[in-house]
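Notes for the structure review
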Amino acid sequence: EIDTRIELQDAAGISDGKWTYAFKADGHELMADTTSVTLNQEVSLPDGKKITLTEYKHNEIGTYLYYKGETKGLALELRGKNDRGEIVWFRDYGAFEDGCGRFKLYQVNEVRAEGAENMALSVYFPQKDEGKEAATYRQYGEAFTIPTK
């Protein structure tokens, strides 16, 4: 159990004064409400390397895909659909010092993770067309399906 206190003063210029919130947080309830699925899905990357998706986690805080491997220098996304045909879209937050990293489901897609049985995903990365200023995300490689329950 963690005692937490948050104090806001002149939050974004919206109001004068000071707002204080205090609460206790306990991770046991969150852990009990977390769906966790072990994965062993190898994924090829545009730079020729591979990562292995190791775990899918979903709870009130968010939906994550954890991996082993290195994605440094690549602005990757995993895009696809859940088993109900709804679009899902994960963004790579990069690898940590231990060679593991995570993708996080975009917040607007969180409701689409609820109750999904699986997700069919593909790697997307930015690619610049000749003569164009902005890069466009394009699919790389074949789609793969992961279980989410």
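Notes on the structure follow.

Reading the values: the criteria
- Residues numbered from 1 in each chain as written.
- Predicted model: local features only at pLDDT ≥ 70, side-chain atom pairs only at ≥ 80, totals over all residues.
- Heavy atoms only, no water.
- Helix = DSSP H or I, 4+ residues; strand = E, 2+ residues; numbered from the N terminus.
- Buried < 20%, exposed > 50% of the residue type's maximum accessible area, 1.4 Å probe, protein only.
- Contact = heavy atoms within 4.5 Å.
- Areas by Shrake-Rupley, 256 points an atom, 1.4 Å probe, with all protein chains shown as cover.
- Polar contact = N/O pair within 3.5 Å; in protein donor to acceptor, adjacent residues only side chain to side chain.
- Phe/Tyr/Trp six-rings, centres within 6.5 Å; stacked < 30°, edge-to-face > 60°.
- Lys NZ or Arg CZ within 6 Å of the ring centre and 35° of its normal.
- Core = buried A, V, L, I, M, F, W, Y, C linked by side-chain atoms within 4.5 Å.
- Salt bridge = Lys/Arg side-chain N within 4 Å of Asp/Glu carboxyl O.

1. Re the overall build of the protein chain
Looking only at helices and strands, the protein chain features two helices and ten strands. Looking at the protein chain as a whole, 28% of its 149 residues are labelled buried. Restricting the contact set of the protein chain to residue pairs at least 6 apart, pairs at least 24 apart contribute 49%. When the accessible area of the protein chain is evaluated, it comes to approximately 9,800 Å², of which 49% is carbon and sulfur surface.

2. Structural notes on the side chain of asparagine 82
Here asparagine 82 lies in strand E6 (residues 77–82). At 2.7 Å, the side chain of asparagine 82 and the side chain of glutamate 86 are in polar contact. Engagement of the side chain of asparagine 82 in a polar contact is seen with the backbone oxygen of arginine 112, the distance being 2.8 Å. Not counting chain neighbours up to four residues away, the residues in contact with asparagine 82 comprise Val88, Arg112, Ala116, Asn118 and Met119.

3. Structural notes on the packing of aromatic side chains
Within the structure shown, the criterion is met by four aromatic pairs. Ring geometry for tyrosine 64 against tyrosine 66: centres 6.1 Å apart, planes inclined by 40°, an arrangement best described as tilted. Judged by its relative accessible area of 23%, tyrosine 66 falls in the partly exposed class. On the numbers, 5.5 Å between centres and 65° between planes, the contact of tryptophan 89 with tyrosine 106 is edge-to-face. Separated by 17 residues along the polypeptide, tryptophan 89 in strand E7 (residues 87–95) and tyrosine 106 in the loop between strand E8 (100–105) and helix H2 (110–113) bring together distant segments of the chain. For tyrosine 106, a relative accessible area of 31% gives the class partly exposed. The aromatic ring of tyrosine 124 is capped on one face by arginine 79, whose charged end is 4.8 Å from the ring centroid. Taking the ring centre of tyrosine 93 as reference, the NZ or CZ of arginine 91 above it sits at 5.0 Å.

4. Some words on the nonpolar core
Formed by 22 residues in total, the largest nonpolar core has its most connected members in Leu53, Leu65, Leu78, Phe103, Leu121 and Ile146. Contributions of two or more residues to this core are made by strand E3 (35–44), strand E4 (50–58), strand E5 (63–68), E7, E8, strand E9 (118–128) and strand E10 (135–147). Sequence-distant contacts of leucine 121, defined by excluding residues within four places in its chain, comprise Leu65, Leu78, Arg79, Gly80, Val88, Phe90, Glu142, Ala143, Phe144 and Ile146.

5. Considering the pattern of salt bridges
Applying the stated rule across the entire model yields six salt bridges. With a shortest N-O distance of 3.7 Å, glutamate 110 and lysine 104 are connected by a salt bridge. For glutamate 110, a relative accessible area of 11% gives the class buried.

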